[in-house]
Amino acid sequence: CLCNALCADAGFPQVRHIKDEETGEKKEFVEPGLVTVGDDVNQCASLLKQREDGTWGFSAADVVDYLLADLEEKEEVGSVQEQLKELRP
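Presented here is a report on the structure given in the accompanying data block. As the structure is a prediction and not an experimental result, all values here were calculated from the model.

**A closer look at the environment of L84**
Part 1 of the argument: Relative to the assigned elements, L84 resides in helix α4 (residues 75-87).
Part 2 of the argument: Separated by 19 residues in sequence, L84 and D65 place their C-alpha atoms 8.3 Å apart.
Part 3 of the argument: Dropping the residues within four chain positions of it, L84 is found in contact with A61, V64 and D65.

**What to know about the environment of S46**
Part 1 of the argument: On the secondary structure map, S46 appears in helix α2 (residues 44-47).
Part 2 of the argument: In this structure S46 comes out as exposed when scored by relative accessible area, which is 52%.
Part 3 of the argument: Each C-alpha atom, one on S46 and one on F58, is 9.6 Å from the other, the two residues being 12 residues apart in sequence.

**As for helix α3 (residues 60-68)**
Part 1 of the argument: A61, D62, D65 and L68 are the residues of α3 that are buried. Relative to the axis of α3, the buried residues are bounded by an arc of 130 degrees and lie together on one face. Opposite the buried face of α3, by more than 90 degrees, sit the exposed residues A60 and L67.

**A few points about the side chain of D62**
Part 1 of the argument: As for its position among the elements, D62 is in helix α3.
Part 2 of the argument: D62 sits in the buried class, given a relative accessible area of 10%.
Part 3 of the argument: A distance of 3.3 Å separates polar atoms of two side chains, one belonging to D62 and the other to K49.

**Things to note about the layout of surface pockets**
Part 1 of the argument: Its volume calculated, the largest pocket comes out at about 270 Å³.
Part 2 of the argument: Class assignment of the residues belonging to the lining of the largest pocket gives a composition of 6 nonpolar, 2 polar and 2 charged.

Cut-offs used in this document
Residues numbered from 1 in each chain as written. Predicted model: local features only at pLDDT ≥ 70, side-chain atom pairs only at ≥ 80, totals over all residues. Heavy atoms only, no water. Helix = DSSP H or I, 4+ residues; strand = E, 2+ residues; numbered from the N terminus. Contact = heavy atoms within 4.5 Å. Buried < 20%, exposed > 50% of the residue type's maximum accessible area, 1.4 Å probe, protein only. Arc of directions from axis to C-beta. Polar contact = N/O pair within 3.5 Å; in protein donor to acceptor, adjacent residues only side chain to side chain. 1 Å grid on protein atoms, 1.4 Å probe; cavity = no way out; pocket = protein on both sides within 12 Å on 5 of 7 lines; lining within 4 Å. Points joined across faces, edges and corners; volume = space filled by probe spheres on them. Nonpolar A, V, L, I, M, F, W, Y, C, P; charged D, E, K, R; others polar.

Encoded structure:
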C-alpha cells in the first residue's frame with residue numbers, strides 16, 4: 001500500500017505479526033519504505049553505501065549533496081552543505 005510505504009519512509013512503518021505457513025512460527029513483518037527517483041534511477045547506485053549492519057542505503061543528506069554538487073561553491077551553498085554534514089549519523 002502506498003500510504004503504508006510513505007509512513008514507513010517517515011519512520012512509522014506498519015508492523016504486522018504473521019504466521020509462517022511452513023513452520024507455524026509467528027514472525028514480525030515490517031512494512032518497507034518506498035523510494036522514488038524519477039529519471040535519476042541510474043544515479044541511485046552511486047549513492048548506495050553499505051551500513052555497519054550489512055544493509056545498503058543512502059540518506060537524504062547524501063541526496064542533497066549529490067544535487068548540490070554541480071552548483072558553484074557559493075557562501076550559502078557551502079553553509080547548507082556543512083549543516084547537512086553535521087546532521088549525518
